[in-house]
Amino acid sequence: MKNASISLSVLLTVILSAASLLFAGCSLSRGSAFSSQDRQTRTGFYLNTVISVTIYGPASEDLLDGCMELAAYYENLLSRTMEGSDVWNINHSGGRPVTVHEETLLLLETALSYAELSKGLVDPTIGALSILWNMGEENQGIIPDEKEIRQALSHVNYKNVRIDGSQVSLEDPECRLDLGFIAKGYIADRMREYLLSKGVTSAIINLGGNVSAIGCRPDKTPFRVGVQKPFAQTGDYSLVLEIDDLSVVSSGNYERCFEKDGVLYHHILSTRDGSPARTGLDSVTIICSRSVDGDALSTLCFLLGYEKGRELVESLDNTQAVFITEDGSVFQTF
């Protein structure tokens, strides 16, 4: 990778669970020269997950407050389920144009670019399917029938999104936006920009599966980010990545899921048949500079499967990946 460093580590570390990723940057192993007094951490529950921000070196509590305020701001802007958000307003407009914030437009345009790249394999209008499958905390293991799936799928088409200046409309009034495949990455990037603008040189932003590193640790060693072994106990990892100034994002079938009659159902839905994708993969981890790209690519590569996913990653600059297949094999592009 250009302008960044990455290597594998087999060191045992103290790991903090974060959805499909495990952040290992707080370990004080190997005789590290800094202590817990040299860092400040703030946690909170936003974006339907536990998030944390750790700043190393001198920093005020105001910076951590600012990060949590950003999380709340963007949740109120981009959440599909939060009444009054830009996304909620678009989804409930009956197809009428809705004036939205500039940042909503920026993220939606990025999401649409990935939809175009993937020919709709990832699609910001997947909301009708997301609502039907309901893979959130309230999921009760109910499998929709084929008629319901076909009906929801008929309203998934990114070409129904119209952007006119600061206004967004949906040509199909039953279409529903869901930016879940890309929003946390965007928010991580905004937090990173905020901390850099305040002079922070060493920090970890952890948005539950989206980890973004600012610089390296104060002792000049890389941060360590563990990739969770699918379906294993938290803290049992397949490998540990050493990174500086990079983002690490994972998507997998083992977090929001349920099993019924011996079949696994999970939250990564196929826009081809409307059901949880079955591509022979359990997880994909993307390592790149922008978390928004890592977020979109981890989902897209999961949907593509190993061969096509690897081909896509290898066609991109400054992007690497780790693929974990259903049989537990681990493949990486570096």
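Shown above is the structure to which this text applies.
A quick note: this is a predicted structure, and the numbers were derived from the prediction, not measured. (Residues numbered from 1 in each chain as written. Predicted model: local features only at pLDDT ≥ 70, side-chain atom pairs only at ≥ 80, totals over all residues. Heavy atoms only, no water.)

### Details of the pattern of salt bridges
For the coordinates displayed, the defined rule picks out 10 salt bridges. Here Asp245 and Arg192 are joined by a salt bridge, their closest N and O atoms 2.9 Å apart. Within this pair, whereas Asp245 is found in the loop between strand S12 (237–244) and strand S13 (247–252), its partner Arg192 is found in helix H6 (residues 183–197), the two being separated by 53 residues in sequence. Here Asp219 makes a salt bridge to Arg217, at a shortest N to O gap of 3.7 Å. On the basis of relative accessible area, Arg217 is assigned to the buried category, the value being 2%. Through salt bridges with shared partners, a single ionic network connects Arg42, Glu61 and Asp65. (Salt bridge = Lys/Arg side-chain N within 4 Å of Asp/Glu carboxyl O. Helix = DSSP H or I, 4+ residues; strand = E, 2+ residues; numbered from the N terminus. Buried < 20%, exposed > 50% of the residue type's maximum accessible area, 1.4 Å probe, protein only.)

### Let's talk about the packing of aromatic side chains
The final tally for this structure, using the stated rule, is 8 aromatic pairs. Aromatic pair Tyr73 and Tyr74: ring centres 4.9 Å apart, planes at 75°, arrangement edge-to-face. By relative accessible area, Tyr73 is classed as partly exposed at 35%. When the ring of Phe258 is compared with that of Tyr265, the centres are 5.2 Å apart and the planes differ by 20°; the resulting orientation is stacked. Both residues of the pair, Phe258 and Tyr265, belong to the buried class. Feature note: the residues Tyr73, Tyr74 and Tyr186 constitute an aromatic cluster, connected by ring pairs. Looking at Arg190, its charged tip hangs above the ring of Tyr186, at a distance of 4.5 Å from the centre. (Phe/Tyr/Trp six-rings, centres within 6.5 Å; stacked < 30°, edge-to-face > 60°. Lys NZ or Arg CZ within 6 Å of the ring centre and 35° of its normal.)

### A few points about the packing of H6 against helix H7 (residues 291–304)
Following both chains from N to C, one finds H6 and H7 inclined at 165°, their axes separated by 7 Å at the closest point. It follows from the interaxial angle that H6 and H7 lie roughly antiparallel. Judged by the twist between their axes, the crossing of H6 over H7 is right-handed. Contacts between H6 and H7 involve Ala183, Lys184, Gly185, Tyr186, Ala188 and Asp189 from the first element and Ser291, Val292 and Asp295 from the second. The residue inventory of the contact of H6 with H7, partitioned by class, reads 4 nonpolar, 2 polar and 3 charged. (Axes fitted to C-alpha atoms, helices over the stretch in contact; angles between N-to-C directions. Parallel < 35°, antiparallel > 145°, perpendicular 65-115°, else oblique. Left-handed = near helix turned anticlockwise from the far one by under 90°. Contact = heavy atoms within 4.5 Å. Nonpolar A, V, L, I, M, F, W, Y, C, P; charged D, E, K, R; others polar.)

### So, the side chain of Asn206
Mapped onto the elements of the fold, Asn206 is located in strand S9 (residues 203–206). A polar atom in the side chain of Asn206 sits 3.2 Å from the backbone nitrogen of Gly208. (Polar contact = N/O pair within 3.5 Å; in protein donor to acceptor, adjacent residues only side chain to side chain.)

### Describing H7
Its 14 residues place the ends of H7 20 Å apart at the C-alpha level, agreeing with the 20 Å of an ideal helix rising 1.5 Å per residue. Of all the 14 residues making up H7, 13 are buried; the element is thus mostly covered by neighbouring parts of the structure. Immediately downstream of H7, the backbone of Gly305 shows phi near 90°, a positive value. (Expected span 1.5 Å × (residues − 1).)

### Brief notes about the sheet that holds strand S7 (residues 161–164)
Sheet strands pair by backbone hydrogen bonding; their relative direction is either parallel or antiparallel. With respect to topology, 3 strands assemble into an open sheet ordered S6-S8-S7, the strand pairing being antiparallel. At either end of the open sheet lies a strand with only one pairing partner, and these are strand S6 (98–99) and S7. Packing against the sheet, helix H3 (residues 102–117) makes contact with S7 and strand S8 (167–170), and its axis sits at approximately 135° to S7. (Pairing = 2+ DSSP bridges.)

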